[in-house]
Protein chains: 2
Amino acid sequence: MFVEIDFNSDEAIYLQLCNQIIYGIATSQLQEGENLPSVRELAENIGINMHTVNKAYSILKQEGYLKLDRRKGAVIAIDINKLQAKNEMRDEMRYVLAKAFCKNISCEEAKDIVNEIFNEFAK
Amino acid sequence: MFVEIDFNSDEAIYLQLCNQIIYGIATSQLQEGENLPSVRELAENIGINMHTVNKAYSILKQEGYLKLDRRKGAVIAIDINKLQAKNEMRDEMRYVLAKAFCKNISCEEAKDIVNEIFNEFAK
DNA sequence: TATCTGTTATATATTTAGTATAACAAACAT
DNA sequence: ATGTTTGTTATACTAAATATATAACAGATA
């Protein structure tokens, strides 16, 4: 796997896992229908506890990025609720952009960065 | 003050405080040079502990939004390090936009929301 | 002098995060 | 059939983060 955990980060391990898997889907390093490692395997691989991986997978399932199946394990399966996703994005973005605005970053500069990041994603 | 704490949120109180004060600056409800309430006063006002407010103020100071003065108290004073601010924004934005991309939100739609939010700010 | 600032210190309770074992039922390969 | 692998659940524990409660200090101020 491409996952890299920073154990010195102040961000919780399970959140780092969630974010990196979502980023992996966006950059199509992980594709719809593809299997993730089992909770035990990934935990072993990273060197963390099974339950920490399980927590990440459960959240990703609840947020509509995975389906968990006893036979096949964790499978990428995007459930799209665009309206909800947009509202969540707006709420998260509000504080990120407030910081930017206070630091004299313009709307144009912010949108340039949005372009930049979208170019990292699959076309 | 305009601060509203959601005690049922999973977000820490001191973080809610930081975010709302930054948003307050961006929307010019708080202006450069203006005084914030003292840590004791704001704590009393919201109904939380003095140290929780103090933690928020200390972080805002360290991130360059406030100066703390024994005589005048906490004063809005923006320290602009644009390059650093841009890099931080990019890192925070990356995972917000990865989520959006997975949910079929387009680059244009994301930029529309950036416009929308910037319109909430002072001109 | 009394009061208000931020600041620091100590102690404590609560919650969250992470680990450690263990067990279960469903699926599956041999 | 047997043994293994899947997610899932339960319990117990440690450590860290969060929030509260008092208390005290030095500098500034009225």
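This one's a predicted model, so the numbers in the text were calculated from it and none came from an experiment.

Reading the values: the criteria
Residues numbered from 1 in each chain as written. Chains lettered and ligands numbered in written order. Predicted model: local features only at pLDDT ≥ 70, side-chain atom pairs only at ≥ 80, totals over all residues. Heavy atoms only, no water. Near = heavy atom within 4 Å. Polar contact = N/O pair within 3.5 Å; in protein donor to acceptor, adjacent residues only side chain to side chain. Helix = DSSP H or I, 4+ residues; strand = E, 2+ residues; numbered from the N terminus. Nonpolar A, V, L, I, M, F, W, Y, C, P; charged D, E, K, R; others polar. Contact = heavy atoms within 4.5 Å. Buried area = accessible area lost by both parts, 1.4 Å probe. Salt bridge = Lys/Arg side-chain N within 4 Å of Asp/Glu carboxyl O. Buried < 20%, exposed > 50% of the residue type's maximum accessible area, 1.4 Å probe, protein only.

Asks: Would you mind showing me how to read the protein's contact with DNA strand D here?
Replies: Inspection of the region around DNA strand D gives 24 residues, with His-51 and Leu-68 of chain A together with Ile-13, His-51 and Thr-52 of chain B positioned closest. For DNA strand D, the fraction of atoms within 4 Å of the protein that belong to sugar or phosphate moieties is 62%. Within the side chain of His-51 of chain B, a nitrogen or oxygen atom sits 3.2 Å from a base oxygen of DNA strand D. Listing elements by their share of the surface near DNA strand D, those giving two or more residues are α2 (39-46), α3 (50-62), β1 (66-69) and β2 (73-76) of chain A together with α1 (13-26) and α3 (50-62) of chain B. Considering only residue class, the surface near DNA strand D consists of nine nonpolar, seven polar and eight charged.

Asks: Can you walk me through the interface of chain A and chain B in this structure?
Replies: Quoted interface sizes are often the accessible area lost when the parts come together. Opposite the 45 residues of chain A that make contact, chain B presents 45 residues. Counting each side, the surface lost to burial between chain A and chain B is near 5,000 Å², with a carbon and sulfur contribution of 72%. One can count ten salt bridges joining chain A with chain B. Residue Glu-116 of chain A is joined to Arg-90 of chain B by a salt bridge in which the shortest nitrogen-to-oxygen separation is 2.6 Å. Taken together, chain A and chain B are joined by 20 residue pairs in polar contact (both at pLDDT 80 or more). Of all the elements in the fold, those that place two or more residues in the side of chain A that touches chain B are α1 (13-26), α4 (82-102) and α5 (107-118) of chain A. No other element matches the 16 residues that α4 of chain A contributes to the side of chain A that touches chain B.

Asks: In this structure, what is going on with the side chain of Asn-19 of chain A? I would like to understand it.
Replies: Tracing the chain through its elements places Asn-19 of chain A in helix α1. Classification of Asn-19 of chain A as buried rests on a relative accessible area of 14%. With residues up to four places along the chain from it excluded, the contact list for Asn-19 of chain A reads Glu-11 of chain A together with Tyr-95 of chain B.

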